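Report on the structure
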Amino acid sequence: MEALSFFHSVLPLLPPRRFLYRHRRRRLLPIIQYTDAMYERKADVPARIGVVIYDPHDDEFAPLRGEKVSLWRHASAIVPDSLIAKFKPRKQYIGQLEVLAAVCAPISRPDQYRGREVIAFIDNTGAVFGLAKGYMRDVDSARMVHSFHCVCAALNTQ
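Residues numbered from 1 in each chain as written. Predicted model: local features only at pLDDT ≥ 70, side-chain atom pairs only at ≥ 80, totals over all residues. Heavy atoms only, no water.

1. Here we look at the overall build of the protein chain
Selection rule: A run of H or I in DSSP counts as a helix once it spans at least four residues, and a run of E counts as a strand once it spans at least two, with each numbered from the N terminus. Atoms considered for the radius of gyration are the C-alpha atoms alone. The globule rule reads 2.2 Å times the number of residues to the power 0.38.
Scanning the protein chain for helices and strands turns up seven helices and four strands. Counting helices and strands in the order they occur from the N terminus, the protein chain gives α-β-β-α-β-α-α-α-β-α-α. Expected size for 158 residues packed as a compact globule is a radius of gyration near 15 Å; at 17 Å, the protein chain falls within 12% of this value. Oriented by its inertia axes, the alpha-carbon framework of the protein chain measures out at about 50 × 40 × 25 Å.

Right under this line is the structure:
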């Protein structure tokens, strides 16, 4: 019911999606994105995520964003206990954190992702399939998958 309510609320607000094929293909090469996460309950810092992106067109757009040109960009973050506490209690949170990392990439650099194609590498098959099909049975992950698709739709990122 939560997923249906989400779609009922969001679909009327989304712009039409354009897909370009063959001769109308965009001239920009895709962004290559690598995301990863780790969770070790007994570690001093139990939860972390990381993102690495390669943008072959950064030399064109970095100056427009007021940034130094760099084909490779990376970031990592500690996931605070306060966020983990919002998830359903479980022994392992790696699946949720892998989805979170994928969501954080376009959110953290919306100007770079806007109107772009992205090839994403994720080493967690549950996260890959959930993001690809747009739904996960786990409610915590499903909410993040919905957020991911909203961000991609808003940025016209494929």
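Structure's up, so let's keep going.
2. As for the sheet that holds strand β1 (residues 31-39)
Sheet strands associate in pairs through backbone hydrogen bonding, adopting either a parallel or an antiparallel arrangement. Inclusion rule: Two strands are said to pair when DSSP picks up at least two bridges between them. Angles shown run from 0 to 180 degrees and are taken between the N-to-C directions of axes, each axis being a line fitted to C-alpha atoms and, for helices, limited to the stretch in contact. When checking whether two residues touch, look at their non-hydrogen atoms; a contact exists if any pair is within 4.5 Å.
Spatial strand order, β3-β2-β1-β4: four strands in an open sheet with mixed pairing. In this open sheet, the two edge strands, each paired with only one partner strand, are β3 (72-78) and β4 (118-122). The average undirected angle you get between the axes of adjacent strands in this sheet is 15°. Here strand β2 (residues 47-54) pairs with β3 via seven bridges, running antiparallel. Note on β3: the bridge partner recorded for Gly-50 is Ser-76. Here helix α4 (residues 94-108) sits on the sheet and contacts β1, β2 and β4; the angle it forms with β1, its principal contact strand, is near 145°.

3. Things to note about the packing of α4 against helix α7 (residues 139-155)
We count it as follows: If an angle is under 35 degrees, it is roughly parallel; if it is over 145, roughly antiparallel; if it lies from 65 to 115, roughly perpendicular; otherwise it is oblique. What makes a crossing left-handed is the near helix being turned counterclockwise from the far one by less than a right angle; a clockwise turn instead makes it right-handed. Each residue receives one of three labels: charged for Asp, Glu, Lys and Arg, nonpolar for Ala, Val, Leu, Ile, Met, Phe, Trp, Tyr, Cys and Pro, and polar for the others, Gly being one of them.
For the pair α4 and α7, the least separation of the axes is 9 Å and the interaxial angle reads 20°. Relative to α7, the element α4 is oriented roughly parallel. In this structure, α4 meets α7 at a crossing whose hand is left-handed. Between α4 and α7, the contacting residues are Gln-96, Val-99, Leu-100, Ala-102, Val-103, Pro-106 and Ile-107 on the first element and Asp-140, Ser-141, Met-144, Val-145, Phe-148, Val-151 and Leu-155 on the second. Tallied by class, residues from the contact of α4 with α7 come to eleven nonpolar, two polar and one charged.

4. A short note on the environment of Ile-49
Threshold: Throughout, exposure labels follow a simple rule: accessible area from a 1.4 Å probe, protein chains only, divided by the maximum for the residue type, with under 20% read as buried, over 50% as exposed, and the rest as partly exposed.
Looking at where Ile-49 falls in the secondary structure, it is placed in strand β2. Using a relative accessible area of 11% as the deciding quantity, one classes Ile-49 as buried. C-alpha of Ile-49 to C-alpha of Tyr-34: the two residues are 15 residues apart in sequence and 11 Å apart in space. Dropping the residues within four chain positions of it, Ile-49 is found in contact with Asp-36, Ala-37, Ala-75, Ser-76, Ala-77, Val-79, Leu-97, Leu-100, Ala-101 and Cys-104.

5. A word on the environment of Ile-53
Along the chain, Ile-53 turns up in strand β2. A residue is classified by how much of its surface remains accessible, and Ile-53, at 3% relative accessible area, is buried. Considering only alpha carbons, one finds Ile-53 and Ala-120, 67 residues apart in sequence, at a separation of 9.1 Å. Beyond its immediate stretch of four places on either side in the chain, Ile-53 contacts Ile-31, Ile-32, Gln-33, Leu-71, Trp-72, Arg-73, Arg-109, Gln-112 and Tyr-113.

6. Overview of a nonpolar patch on the surface
For clarity, the threshold we go by: Patches here are clusters of residues that have more than 30% relative accessible area and form no salt bridge, with a 9 Å joining cutoff for like charges and a 5 Å cutoff for nonpolar side chains (Val, Leu, Ile, Met, Phe, Trp, Tyr). Computed with a 1.4 Å probe, the accessible areas rest on the Shrake-Rupley method; for each residue, only the protein chains presented here act as cover. The working definition used for a salt bridge is a side-chain nitrogen of Lys or Arg within 4 Å of a carboxyl oxygen of Asp or Glu.
Taken together, the side chains of Tyr-34, Val-52, Leu-71, Trp-72, Ile-119 and Phe-121 present a nonpolar region at the surface, about 530 Å² in accessible area. Among the structural elements, Val-52 can be located in strand β2.

7. Brief notes about α4
Inclusion rule: Expected span of a helix, by definition, is 1.5 Å for each gap between consecutive residues, and there is one gap fewer than residues.
With 15 residues, α4 extends 21 Å between its outermost C-alpha atoms, agreeing within 8% with the 21 Å of an ideal straight helix rising 1.5 Å per residue. Those residues of α4 that sit buried are Gln-96, Leu-97, Glu-98, Val-99, Leu-100, Ala-101, Ala-102, Val-103, Ala-105 and Pro-106.

All quantities given are derived from atomic positions and should not be read as evidence of function.
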